[in-house]
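Commentary on secondary and tertiary structure
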Amino acid sequence: MIWCIVLLVLCSLYLNYTLGLSSGVRFDVPFTYEGDGLEYNLLTKTMIETGWWTENPVVGAPDKLEMYDYAIGNTLDFFVMKIISIFTDNYALVMNSYYILGFFLTALCSLYVFRQLRITYPVAVFGSILFPFLFYHFSRISHFNLTAYYMIPLIVLVILWICNGEPLFLKRGEPGEPVHLAVTQKGVIAAIILLISATHPYYGFFGLLFLVVATLWSASRSDTMIPLLNGIISGMLLAVFAILNRLPSLWYGFQHGTSLAISSRAPFEAEEWGLKLIQLLLPAPGHRIDFLADIARKYTVSRPLVNENVSATLGIIGSIGVVILLGWIFIREWQPIQKKFGGRRELMDQLSLFTISGILIGTIGGFSAIIALVFPVIHSYNRISLYIGFFSILAMLIILQIMYEQFRNKPYFCPVFLVLLLAVLTLGVYDQVPAWSSLTSGSDKEREQEFLDQEIYFTHVEDTMPPGASVFILPDIGGFPHSSPPGTINELDSLKPYLHTHDLKWNYPTMKGRFWDNWQVKVATSEPADLLDHLFFTGFTGLLIDGYGYHDEGEAIIEIYQNLTGIEPVISKDGRYAFFDLTGYMDEKKAGMTSPHFEEEKIAYLTTMKANPELNNPLFGTWVRENLSKTGYPDSPGSSNVSSSITPAITVIIPNGGEIWQPGSTQTLQWNYTGNPGSRVTIDALRSGSILTTIASNYPIGEEGSGAFNLTLPPYTPLGSDYRIRVTSTRYPGCTDTSDAPFAISAG
């Protein structure tokens, strides 16, 4: 018990050091408030307010949001957060608490596994801190489900039991007796672990792959079928538990059909989001030591297929472990190694096998590319790095354990050993976690301020509206779960109003491919007067306009609705949002109608809409949105203003092929544009047709049809003759142009 307390104290201290928790971090503001992080804000708030995350009656108006099409399957995460929500109904506090709790749960599960493997407490505590403090835990903060990886140590224990031929579910009795079912204590523990692991799609799937490897290893070393059968039973349990975890979604799909618009995965994505061996060994991006940070940066900006896989870095200690395990096959028979490792040599054999298997599975072009041909849903194979990280840390613990056992009887060795362990542990955490991970950085302060400002604004909006009122948001940003918003709106930003209210209903989000999502696309692209009629018959009494979705920050569309309704909107502090309280306007429209007449008109409207074949086509919304992304979003729904009647275009002028530039030189990139491509562009450098790096995001497009950007080439820019520049409108992704021919980077 004392070592558990030591572990928890150390974990608290290192958490405070890395995240700055005692430096004014607000737990009532979500740690992640953009992009995919907003999705988990939605799911957590839904779970607290409705009891679970699958349905939400106050979004997706005039209907409700049903998220069965989006089978994320993280049942255990929501179950734990459900317990936390007993003590508070603040969704941000629940989310943030669970994120922090993940460090402690991972540390405790790691300690349990290390002790099961006969690692002494001081060494086990050392490894139990390193694993939850991998760079991965901090870099994936926007994906709360990915940061909760405390089941990985547990499933590794089951895998090792299978490897060692433990009779978990079947065993042979006396000589001559047949194999019979005999669930052991370890079998019960294994079943519970498999149940837990099945609640996470990625970590459970990777665990299943390692179970296959362990089963084959064990079966090949046994003269009976028991190890093979125990492995098969374990794999079947994991698969069955995973299916049960997704059963509500499977049943919904059986009843309503599969949504064709929810983004399906293609086999090539397993390579696009695959693992790179070098990224396990590279320093963390933004490392605290400038020299190491520069190494990581140079690789990131000069190599293709660099994306979320940067989170695979294991730090110095983990990297040493990986190198040892990869080279183990060459040194395992060396006499000094056999003598020192003794009975632990077999465990090192197994860890080496799993590390090599993990790399062969996860690496770009590896076995993952083959698996993806038949099962493309799992695509981000870089996430298998967590398993490799655990194997490598365990290998380092075995080495430390051998050192401890060899010298523990020496005078003063134990206290010196403890001090050295603590020092190396501190250096390990320092190495694995960059300073920017702190929740007190400048960007985090901006996040807090944005959240608090919007809390004030949307609370005020809610206070002015009757309970249960419905609000429609413009512009349409592309459905759920993956949006492609116009202008400078970030993905899923239209979730933010809901996160700050309790009694209002919102039209966003709706599930792609379903009727009400198609309806919203139709409404959002209607003429303003027609849009108000749509809202009238579906009970909306509020309209929210996000100016970030329009070329003119929403000035034209706001003026249109002011003129149509005679209502002065409530503008947010930063000028981004304009809210129209349409309650009085809708009451006036209804004033000339009796209640039966209104109900009759409403039923006729809904009948017409539901009979519309376009709205019942699962791909209607997708087609409309794709067309708009190519032709441009008008400054108001249905309008045909000058800026949107001309198809926007961008043309790269310099470089356009044949230029020769030198590293360290400053060059001017130039482009022309016509129509109205929006006010900002993204500038990418391409090499061999793939993105090398993004030079600038949200850069001003220019004035009077032309724009320019002064680019200073880094001194370490790789030489080559296959470079191009691409300029893309941030408002219309389809409005883009690339250098007609390649240019060269030469030393002169």
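So, how was this worked out
- Numbering of residues begins from 1 in every chain and follows the order in which that chain's sequence is written.
- Whole-chain, interface and lining totals are the exception, using all residues; otherwise, since this is a predicted model, local features are given only for residues with pLDDT of at least 70 and side-chain atom pairs are given and counted only at 80 or more.
- No hydrogens and no water enter the side-chain calculation; it runs on all heavy atoms of the structure.
- Put simply, the grid is 1 Å and covers the protein atoms alone, a cavity is a trapped set of points that fit a 1.4 Å probe, a pocket is an open set with protein on both sides within 12 Å along at least five of seven lines, and lining residues have an atom within 4 Å of a point.
- Grid points are joined across faces, edges and corners, and a volume is the space filled by probe spheres set on the points.
- Each helix is a run of H or I in the DSSP string that is no shorter than four residues. Each strand is a run of E no shorter than two, and both are numbered from the N terminus.
- Gly is put with the polar residues, along with every residue not named as nonpolar or charged; the nonpolar set is Ala, Val, Leu, Ile, Met, Phe, Trp, Tyr, Cys and Pro, and the charged set is Asp, Glu, Lys and Arg.
- Any two strands between which DSSP finds at least two bridges are classified as paired.
- The span you would expect from a helix comes to 1.5 Å times its residue count less one.
- Each residue gets one of three labels from its accessible area relative to the maximum for its type: buried under 20%, exposed over 50%, partly exposed in between, using a 1.4 Å probe on protein chains only.
- For this document, the term salt bridge refers to a Lys or Arg side-chain nitrogen within 4 Å of an Asp or Glu carboxyl oxygen.

With a probe scaled to a water molecule rolled over the atoms, the places where space remains empty come into view. Within this structure, the stated rule accounts for three cavities of 30 Å³ or more. What the largest cavity holds in volume is close to 80 Å³. The wall of the largest cavity is formed by 14 residues, among which D476, I477, N507, Y508 and Q520 lie closest to the centre. At the level of elements, β5 (470-474) and α24 (515-524) are the ones that each hand at least two residues to the lining of the largest cavity. By residue number, the principal contributor to the lining of the largest cavity is α24, which donates three residues. Taken as a whole, the second largest cavity spans an internal volume of roughly 60 Å³. A total of three residues in the lining of the second largest cavity trace back to one element, the largest contributor, which is helix α15 (residues 290-302). Of the residues belonging to the lining of the second largest cavity, the class tally is six nonpolar, three polar and no charged.

Bringing the sheet that holds strand β6 (residues 505-506) into the picture now. Reading across the sheet, the five strands line up as β6-β5-β7-β9-β8 and stay open at both edges, with mixed pairing between neighbours. Each edge of the open sheet carries a strand with a single partner, namely β6 and β8 (570-571). Inspection of the sheet shows β8 paired to strand β9 (residues 577-581) by two bridges, in the antiparallel sense. Residue pairing for β9: V570 is matched across the bridge by F579.

Turning our attention to helix α11 (residues 226-245). The end-to-end C-alpha distance of α11 is 28 Å, a good match for the 28 Å that 20 residues give at a rise of 1.5 Å each. Burial in α11 covers these residues: I226, P227, N230, G231, S234, G235, L238, F241 and N245.

Before going further, it helps to examine the pattern of salt bridges. The full count for this structure, using the stated rule, is 25 salt bridges. Between R140 and E308 there is a salt bridge, and its shortest N-O distance comes to 3.2 Å. Of the two residues, R140 sits in the loop between α6 (135-139) and α7 (144-147) while E308 sits in the loop between α15 and α16 (315-331), which places them 168 residues apart along the sequence. There is no split in this pair, since R140 and E308 are both buried. A salt bridge links D722 to R687, with the nearest nitrogen and oxygen atoms 3.0 Å apart. Taken together, the residues span a long stretch of sequence, with D722 in strand β16 (residues 720-729) and R687 in strand β13 (residues 680-687) at a distance of 35 residues. Classification of D722 as partly exposed rests on a relative accessible area of 25%. Residues joined in a network through salt bridges with shared partners are E450, D493, K496, D546 and R576.

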